[in-house]
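Residue-level structure breakdown
As a plain string of letters, each chain reads:
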Amino acid sequence: MARKGGFPGGVMPGNMNNLMKQAQRMQRQMEEGQKELETKEFTATAGGGAVEVTVNGKKELVSMKLSEEIVDPEDIETLQDSIVAAINEAMHNADEASAALMGKMTGGFSL
């Protein structure tokens with residue numbers, strides 16, 4: 001049975017143009033948001049504040065501060081564990097900011 005009227009794929013030409021414009025606008029917004037995110041810094045501490053690290057939105061380690069009390073030659077494992085914990089927390093903070101940006105841009109839809 002032949003269809004009368006209509007457009008291929010059921011999408012009207014004007015709507016396709018609007019969809020393309022919306023997609024391009026969303027892409028620009030996402031690029032701008034990503035650039036902004038890359039300039040942000042995320043700081044976390046571990047070992048009761050004895051280790052403080054900062055990463056940027058590109059997930060690059062920017063800085064690390066160690067207090068004197070965490071540097072114990074007899075207990076290097078505590079220092080190592082605290083550094084790893086602080087870096088992981090800072091990276092997690094950066095991931096959360098990225099996910100929040102994506103959620104904001106996509107209106108909650110998963111891409």
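Residues numbered from 1 in each chain as written. Predicted model: local features only at pLDDT ≥ 70, side-chain atom pairs only at ≥ 80, totals over all residues. Heavy atoms only, no water.

Notes on the overall build of the chain
The helix and strand inventory of the chain stands at two helices and three strands. Going from N to C terminus, the chain has its helices and strands arranged as α-β-β-β-α. Taking all 111 residues of the chain together, 21% fall into the buried category. Sequence separation of at least 24 residues holds for 42% of the intrachain contacts in the chain that already meet a minimum separation of 6. Entry remark: accessible area of the chain is about 8,300 Å², with carbon and sulfur atoms responsible for 53%. (Helix = DSSP H or I, 4+ residues; strand = E, 2+ residues; numbered from the N terminus. Buried < 20%, exposed > 50% of the residue type's maximum accessible area, 1.4 Å probe, protein only. Contact = heavy atoms within 4.5 Å. Areas by Shrake-Rupley, 256 points an atom, 1.4 Å probe, with all protein chains shown as cover.)

Notes on the nonpolar core
With 17 residues, the main nonpolar core has Phe 42, Val 51, Val 53, Ile 70, Leu 79, Ala 86 and Ala 90 as its most contacted residues. In terms of residue count, the dominant contributor to this core is helix α2 (residues 76–106) (seven residues). Dropping the residues within four chain positions of it, Ala 90 is found in contact with Phe 42, Ala 44, Val 53 and Val 55. (Core = buried A, V, L, I, M, F, W, Y, C linked by side-chain atoms within 4.5 Å.)

A word on the pattern of salt bridges
Considering all chains together, one arrives at three salt bridges under this definition. For Glu 36, the salt bridge is made with Lys 40, and the minimal N-O distance between the two is 3.9 Å. For Lys 40, a relative accessible area of 40% translates into the label partly exposed. For the salt bridge of Lys 65 with Glu 52, the shortest nitrogen-to-oxygen distance reads 3.8 Å. Of this pair, Lys 65 sits in strand β3 (residues 61–66) while Glu 52 is found in strand β2 (residues 51–56), placing the two residues 13 residues apart along the sequence. (Salt bridge = Lys/Arg side-chain N within 4 Å of Asp/Glu carboxyl O.)

Details of a negative patch on the surface
Taken together, the side chains of Asp 72, Glu 74, Asp 75, Glu 77 and Asp 81 present a region of like negative charge at the surface. Take Glu 74: it is sitting in the loop between β3 and α2. (Patch = residues over 30% accessible without salt bridge, like charges linked within 9 Å, V, L, I, M, F, W, Y side chains within 5 Å. Lys, Arg positive; Asp, Glu negative; His and termini not counted. Charge placed at Lys NZ, Arg CZ, Asp CG, Glu CD.)

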